[in-house]
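Next come the chains, spelled out residue by residue.
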Amino acid sequence: MTTTTVAARRAGWAFVAPALTLMVLILLLPIAGAALLSFTDYSLGGSAPAWVGLENYEKILTQSRYRAMLEATLTYVLTVTPLSIGLGLGAALLIHSLRWGGAFYKTVFFLPAMATLMAMSIVWSFALHPTLGVVNATLGSFCGTGWLHQWGWFDAACRNGFPLWLGDRSYAIWTVCFVGVWQGFGFNMVLYLAGLTSVPRELYNAAEMDGARTAWDRFRLVTWPMLGPTTVFVVTITLIRSFQVFDIVEGFYEQGAGPSRSAYVILFAMYEKGIRENLIGIGAAIAMIFLACVVITSLVQQRILEKKAHYA
Amino acid sequence: MKRFLAAAVMLAAGLSVDARAQDKTVVEFAYTYSYLFDVTFQRILPKFHAAHPDIEIRMRAAYKDYEDGTNTILREAVSGNLPDVSVQGLNRQAILVEKGIARSLEPFIAKEPDFARDGYHKAMLDLGTSGGAVYGLPFAVSLPVGYYNMDLMAKVGITAPAQLPKTWDEVVGLCGKLQAAGIKTPMFWTWNITGNWFLQALMWTQGEPLMKNGKFNLASDAGLTALETMKKLFRGCAMPNYSLADAQKSYSAGQIAMYFTSTSELGAVERSKGNWTLVTHEFPGLEASGPKGLPAGGNAAMLVTASKDPKKVAAAWTWLKYITSGEGAADVARTTGYMPPNKAANELILADFYKQNPNKETAVRQLPLLREWQPYPGANGLAVTQVIYDGIETIVTGRANDMPALRAELQDEVSALLAK
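### A word on the sheet that holds strand β14 (residues 297-303) of chain B
Residues and elements named next belong to chain B.
- With mixed pairing, five strands are arranged side by side in an open sheet as β2-β1-β3-β14-β6. Lying at the two open borders of the sheet, with one neighbouring strand each, are β2 (55-59) and β6 (136-142). Ignoring which end each strand starts from, the neighbouring axes of this sheet average 25° apart.
- Here β6 runs beside β14; their pairing, made up of six bridges, is antiparallel. Following the sheet pairing, G136 is matched in β14 by M302.
- Across the sheet, helix α13 (residues 310-324) is in contact with β1 (25-30), β2, β3 (85-89), β6 and β14; its angle to β1 comes to roughly 50°.

Printed below as a string of structure tokens:
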């Protein structure tokens, strides 16, 4: 080994050292700390922490309240991710095809994404108030419209009152999902719009010459493949953001997490255990599971989608 | 430049002279629920500073709720920046005593020649007493009361407070009549105040504590009666699963006829209610004679200073005493729905005030019933509260119908958490 390569190597390490130190200090060390804590029963109010091994993880996998947590988290992720991507793409395609007025729709759809979700969930809980909220008041004003009463659900609601969107366990998680989609799809729309502008016009002309006559053919053969890299990014980001949902549940519910814990999403569980109830050990275990979920999704994403994505 | 320096030096000198002239003892203070108590302290502070010009009270950011207060203090104890006086939830004092953060108030009380110890209700002092020593003096105290919309009650022939229900059975009966009169939500019962306060209310109503000799006492007959009473109320009144905020909005808007909650909400309801007549009345019981006891809600001031400076500690005690007795305590009643914890303040300073505000007097009439809001000992105390909350919620949502089974389930789960 010559001296120059050694020096070059040293220089290389010197250059990455600041970034490396920071990463270890503010990322890896805290994660290692949380991982250690997750094997203890440490609590702020309790006695000295004791090593409990895998007990915290065992609890998460066996107790019913954590089954509710996994159920709510998966329901939310699996509903919100496809819907907000689909709606985002649809809105982007529609806006892209407009000759004028695009900026207006862009702003309108993007507004929810710019607002703070915590504040928005408070506004929504006003709107969804069972008797005074604008949602049920609007629905109620259609009572008496003949043809709508053929819809059984509506007819029953007119007689017995419209649902408690947040207080009824058959609606709660879906209401949370709805607000999640409402808030998230504008962001995906902007990403897709950016992706659409980079699709070259000539490809459409060439496809048309080759016999792609319908709009669906053009979408299937040109637009969708060309949006591949954008889709990889959008799917990853949306999945991770869905796992991260917290503020809607915290804003909607003063205590608990929806009727019968039906909206007990993972980050809320972590907050409830670790911060509210002071049970740092189990909170750290939930944090570790959350981390694992996020890391696994992004790795799988990269593997599967990068292979298929077509980088022009 | 020279001139600027000279000015700066003079200014600095002036400031330091000024500081020496005032030389105040600073007491750091934190309290809970700023939206309720900001107005109270805005009234107390000028009076206190006028009476004690040598003490400066420095307010810290208020805690969001009692749980946040406990957590904040525990964290501050670890990081070494405790305030000097802190207002904590009545049922959250024990943990601060256990951890050695709160200081015993006995030495200070002993030095007070005219400390009106009998001015405090015994049950209130008991809440802050541990091992025979007083650690916290109650600051603002609440009790559950009944709120009635008299405009709606008139539809079923109730026009005077004396006709209002005395038992839960009467409440259920009235619910049926109110529904027949077209009122969809005749009653709301705030079971969801921390999830366990109203359960303790139904236990104390029968003269039974929820925690007996360190054990969870739901397995008793009284426990079953409490759960069955809830079921009867929720089913008989078709009570929806409203959040506290939603229920308060509906009640203020005049959609709910009978509303059972803490007297502390009175201020907020009076400010936001529509154009209808509000009357508060005694909390119903199981028998016509009313409840045998009711749990106190509210908070207490604790001395948590880590300072060794006797002057500072004395100043902290002066402030603590001021807000919990006499004129300082009377301001609690004037600005909120809470009651001052002190007989003297209630009976002497506020006699006229209650005549003018009869709705605020209901809770004062119930004071002889005041019992302890019991804490759940150990690190899992907050988790126990959540288990009870979840359990009662299953009655509200209609998922639980078999009360003996629910009782057994809750007893097991809570006992398991307490054992640790």
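### Some points on the packing of helix α10 (residues 221-236) of chain B against helix α18 (residues 381-396) of chain B
Residues and elements named next belong to chain B.
- Taken N-terminus to C-terminus, the directions of α10 and α18 make an angle of 40°; their axes are 9 Å apart at the nearest point. In terms of axis orientation, α10 runs oblique to α18. Residues M230, K231 and F234 of α10 form the contact with α18, whose own contacting residues are I392, I395 and V396.
- Partitioning the contact of α10 with α18 into residue classes produces five nonpolar, no polar and one charged.

### Examining the nonpolar core
- Ranked by internal contacts, the top residues of the largest apolar core, which has 177 residues, are V176 and V249 of chain A together with M187 and W319 of chain B.
- Three or more residues apiece are contributed to this core by two domains, here domain 1 (2-142 + 297-371) and domain 2 (144-295 + 376-419) of chain B.

### Focus on the sheet that holds strand β12 (residues 278-281) of chain B
Residues and elements named next belong to chain B.
- A sheet is described by the order of its strands in space; here four strands give the open sequence β8-β11-β7-β12, paired in mixed fashion. Two strands bound the open sheet, and with one partner strand each, they are β8 (185-189) and β12. Geometrically, the sheet is characterised by an average inter-axis angle of 20° between neighbouring strands, direction not taken into account.
- Of the pairings in the sheet, the one linking β8 to strand β11 (residues 256-262) comprises four bridges and is parallel in character. Residue F188 lies in a different strand from β11, and its bridge partner there is Y259.

### As for the interface of chain A and chain B
- With 24 residues of chain A in contact, the opposing surface of chain B contributes 28 residues.
- Looking at side-chain class alone, the side of chain A that touches chain B contains seven nonpolar, 11 polar and six charged residues.

### Remarks on the confidence of the model for chain B
Residue and element names in this part refer to chain B.
- Confidence along chain B averages 86 in pLDDT terms, with 93% of residues attaining 70 or more.
- Between residues 14-21, whose pLDDT stays under 50, and residues either more than four places distant or in other chains, the model counts zero contacts.
- Among the scores for the predicted complex, ipTM is 0.78 and pTM is 0.82.

### A word on unusual backbone geometry
- The backbone of S260 of chain A shows a phi angle near 50°, a positive value even though the residue is not glycine.
- The phi dihedral of Y33 of chain B falls on the positive side, at around 60°, and the residue is not glycine.
- The topology assignment puts Y33 of chain B in the loop between β1 and α2 (34-51).
- The exposure class of Y33 of chain B is buried, given the 21 C-beta atoms found within 10 Å.

About the thresholds
- Residues numbered from 1 in each chain as written.
- Chains lettered and ligands numbered in written order.
- Predicted model: local features only at pLDDT ≥ 70, side-chain atom pairs only at ≥ 80, totals over all residues.
- Pairing = 2+ DSSP bridges.
- Helix = DSSP H or I, 4+ residues; strand = E, 2+ residues; numbered from the N terminus.
- Axes fitted to C-alpha atoms, helices over the stretch in contact; angles between N-to-C directions.
- Contact = placed C-beta atoms within 7 Å.
- Parallel < 35°, antiparallel > 145°, perpendicular 65-115°, else oblique.
- Nonpolar A, V, L, I, M, F, W, Y, C, P; charged D, E, K, R; others polar.
- Core = buried A, V, L, I, M, F, W, Y, C linked by C-beta atoms within 7 Å.
- Buried ≥ 20, exposed ≤ 12 C-beta atoms within 10 Å, placed from the backbone.
- Domains from an automatic or database assignment.
- pLDDT = per-residue confidence, 0-100.

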